[in-house]
Every structure is written in C-alpha cells, then in structure tokens.
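Chain by chain, the residues:
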Amino acid sequence: MRYSRFLLFGFEEDEAELGIGSHKKRIKGLITREIAETFLSIPKDFCCPITLDLMRDPVIISTGQTYDRRSIARWMEEGHRTCPKTGQMLVHDRLVSNRALRNLIVQWCTAHGIPYDPPETTDVSAESFASALPSRAAVEANRATAELLIQQLANGSPRAKTVAAREIRLLAKTGKENRAFIAKAGAIPHLRNLLSTHNPIAQENSVTAMLNLSIYDKNKSRIMDEEGCLGSIVKVLRFGLTTEARENAAATLFSLSAVHEYKKKIADESGAVEALATLLRLGTPRGKKDAVTALFNLSTHTDNCVRMIEAGAVTALVGALGNEGVAEEAAGALALIVRQPIGAAAVGEEEMAVTGLVGMMRCGTPRGKENAVAALLELCRSGGASATERVLKAPALVGLLQALLFTGTKRARRKAASLARVFQRCENAALHFGGLGVGYAFAGNSAANRDSSFTPDVSVPMSISVPVL
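Residues numbered from 1 in each chain as written. Predicted model: local features only at pLDDT ≥ 70, side-chain atom pairs only at ≥ 80, totals over all residues. Heavy atoms only, no water.

A.B. asks: Help me out: how do you make sense of the overall build of the protein in this one?
C.D. replies: Within the protein, the regular secondary structure consists of 25 helices and five strands. A separation threshold of at least 6 residues defines the contact pool for the protein, and within that pool the share at least 24 residues apart is 66%. Roughly 21,100 Å² of accessible area belongs to the protein as shown, and the carbon and sulfur atoms make up 54% of that amount. (Helix = DSSP H or I, 4+ residues; strand = E, 2+ residues; numbered from the N terminus. Contact = heavy atoms within 4.5 Å. Areas by Shrake-Rupley, 256 points an atom, 1.4 Å probe, with all protein chains shown as cover.)

This is how it looks when you write it as structure tokens:
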C-alpha cells in the first residue's frame, strides 16, 4: 500500500503543507493523511521496555516485570542485577515465560498482518504462526518503500527530501527489521546531509529518523563510522531549528553512548557536553531528561571526568538535584564523577552539592536516596578532609542515615552503613586528637576501604530512556 502510493502520487506536496505555524506542523497532503490513517501503533504492553520493540518471547523476572527474553538475558549477562524498569534488585535470575501475553501478541499480529517469528521453544500452536507467515510480504513491501524513499533523499527536490525523511522516520519507528534494512540501504549518509538543512521540518524529521535507527545496535556503528555524522548531530543539539530537533539530538547521543567505546568519542566532540549541560539547565522537562540520561552515560567512562568538569556538566548536574524529574539520574552521574579525586574536588566546590544530595536523602525516591548517599560516601572517600567535613556537618545527616539503615533499600542501607562508619571514625579521631577534622584520613581513599561494587549500585533505569518518535 505505502509503496504503491508513493509510485502513484509521488513525493511533492504544496509548500504550505510543509510549513510551520504557531510551532505546529500542518499535515494536509494526501500521502500524509493516508499514512496517518493506516499507520499501525503497537500496543505499549506488547513492547519490551528495553528495546521498545514488539516482544518475541516475553518473560517475567523476579520483580514481576515483563521483558523480551533476549533483551533481559543480555542485560543480565552484562552484569546488571537490577530490574531495568523499576531499579529493584533481582532476587534471582530465573526467567518465566509469560505465555498469556505471548498468546495475545500472536493473536494481535495475526489480526493485523504483522510478521511474528516464534521463539525456538514455544507451546503456541504452529497454526497461529503459520497464519502470520504470509504477512512477510509486508516486510518486503516496507523494504521496497525504504529503497524508494532513500532514492528521493539522494536525488529528490527539497520538498521531496522533506517528505522522504518524514516517512523514513515513521518506517523506522517500529521493528528492528525496518531499522536494519533502512540503514543497510544507505539512508544514514543522506539523513546526515539533511541535518544541516535550513528547513526546520526536514531537520527535525532527519534527526528523529537517525534516533529511531540508532536504537538497533548494529546501526550505532554505522552512524558513528559515517564521516561527519556525529558532528552533524551535535550541531543540531547546539543550534537546532526546533526544540524537538535539539531534544532528539540529545536522545540520539544517549542511544549511541550505550556502546562504551563511543562514550569518549562523543564527549570529545566539540561542544557536545556543553550543549547537553545547557539543555539540562534550560530545556523543557523532556529535554532535561534526554540531557541528563546522556550525561549519565558519558560519566560512566572514567576518561570523561575532566571533560565534563571543563564543559560545566558538574554544575548543571548539581543544579538538577532540585528537579524531581531528573534528580535521580543527576545524583547517579555525580556519584560516578566523584569517584575520581578531580571529580570530587569539582563537586566539592559547588556550594549546593552537599545540600542537594542531603535533600534527596530526605525527600527523594528510593533510587534517588540510593544515589545520593552513594555520592556523599564517594565524596568523603575521594575528596579529602575538607569534603568529608562538609558532608559530616550537614544538618540532620545522622538522622537521615539512621532512617536509611532501617527503611532504605538493600543498596541504600549498605551505603548508609559505610557513610556512618566514616562518621564514627571521624568522631573518634576528633575525640582522641582533640579537634574536629584531624582524623579525616581514616575515611580513607585506599582500595581496601573502597566498596568496589559501587558502579553497578548506581540505580538509574537507563534502558527505557530512548524514545522512538
């Protein structure tokens, strides 16, 4: 259907239909109306919270959340011991098939002509899958449509390129198969070229298409290896013509930074960290979320610490501690940064850092409290005597530690106990030597005193932050 429409009606639309009025896109063209009427959205409950794709083999983990088996298995293989969606610790690593949900997915796919590949071990009837197999023709039709769209991106008029970028954005919105063959057919170089356009709609659609393509892991390397592509995405983040374009550029950087080797490359790209810090300070609620998740990912690479300090990211993260929507991630990023002495020094110089973290211990969510107490503990360990004194003199700290020891999560209790021991050692040293602060060396920066399991204990559900738009 879509392929035939493009062949019959082409890609040209009236200029008015591609204009912007009061920040709202007016969509009136025949192609767009028909696409909107026929475009199928996957029910949210059928999508894996990690990949946002239709689940092939839904399974239930110990927290009661459902994920696609392949995605959650990979999550666990990478060493994570928390639920990606809730942040809770996993009691065990058993995966229980969600057969009821799988049957509903099969029925929905069959009813809507969606291809569905069964898992290798399944108790769902072969007839149910067989009835869905003929719809594989839809996959081939999408492939042909993608090739046609890419031809227009390469050789079409400016208006045709704008339409093609929008349709690629829609096509890449669902299904790893679509994302795979769109990139393989050569869309990324043409989308990169369109990022520098002066047409706000074309730029917005091209960067959003790039975001949707980046969700498929193999496409991350295609994007990063494409000459000038990362720089173009960063330019949209810095100077994008619409708010949505800038936000989606930040989300694209977050998606790409899921690969460890790319985190340093992204941080080193001129203006990238500065722009993320600015978006965190001044962006919309959604923009702040995109920015803080990207900064969190970058902070997990130890070589990025100096770059983030120089770019003002630490100041922005401290300021975000008072924003309920992004405080958890901000505290998690700070907890990673302060593990290095230079990072601890930078955070210690921020007047509101300790106050903000203590405030999260008092009023934050369970995950926020975990990250806040972890950040304060690492600040004491890496920041020296002055930082330790600032932390231990924070009002009501003792009471908050006692509350976490009794009511906090397992991780929060462990971190609170460690910080309480720092407090006790300093008090004992002060009594012995006759002055506050003399014994702060007992807090220690040594490997023997440091809790080496800290990094996995930073509790932020990163996997669900990548939007598909």
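A.B. asks: I'm lost on the sheet that holds strand S5 (residues 96–97) in this one. Help?
C.D. replies: Pairing between sheet strands relies on hydrogen bonds along the backbone, with the strands arranged either parallel or antiparallel. A sheet is described by the order of its strands in space; here three strands give the open sequence S4-S3-S5, paired in antiparallel fashion. Taken across any chain shown, the strands that pair with only one partner, and hence form the sheet edges, are strand S4 (66–68) and S5. Relative to S5, strand S3 (residues 58–60) runs antiparallel, the two sharing two bridges. Within S5, the position partnered with isoleucine 60 by the bridge is valine 96. Seen against the sheet, helix H3 (residues 69–77) touches S3, S4 and S5 and runs at an angle of roughly 95 degrees to S4. Of the strands in this sheet, S3, S4 and S5 are in contact with helix H4 (residues 99–112), which crosses S3 at around 160 degrees. (Pairing = 2+ DSSP bridges. Axes fitted to C-alpha atoms, helices over the stretch in contact; angles between N-to-C directions.)

A.B. asks: Is there a simple way to think about the packing of helix H11 (residues 217–225) against helix H14 (residues 260–268) in this case?
C.D. replies: Relative orientation and spacing of two packed helices are given, respectively, by the angle between their axes and the distance between those axes. Between H11 and H14, whose axes approach to 12 Å, the crossing angle comes to 30 degrees. Accordingly, the angle class assigned to the pair H11 and H14 is roughly parallel. Seen from above, H11 lies across H14 with left-handed handedness. For the pair H11 and H14, the contacting residues are Lys220, Ser221 and Met224 in the first and Tyr262, Lys265 and Ile266 in the second. Broken down by class, the residue content of the contact of H11 with H14 amounts to three nonpolar, one polar and two charged. (Parallel < 35°, antiparallel > 145°, perpendicular 65-115°, else oblique. Left-handed = near helix turned anticlockwise from the far one by under 90°. Nonpolar A, V, L, I, M, F, W, Y, C, P; charged D, E, K, R; others polar.)

A.B. asks: Would you take a moment to explain unusual backbone geometry for this structure?
C.D. replies: For residues besides glycine, phi is generally negative; the peptide bonds are generally trans as well. With a phi close to 65 degrees, leucine 52 is a non-glycine residue in the positive phi region. Looking at where leucine 52 falls in the secondary structure, it is placed in the loop between helix H2 (30–38) and S3. One non-glycine residue, alanine 396, lies in the positive phi region at around 65 degrees. The exposure class assigned to alanine 396 is partly exposed, which follows from its relative accessible area of 46%. (Buried < 20%, exposed > 50% of the residue type's maximum accessible area, 1.4 Å probe, protein only.)

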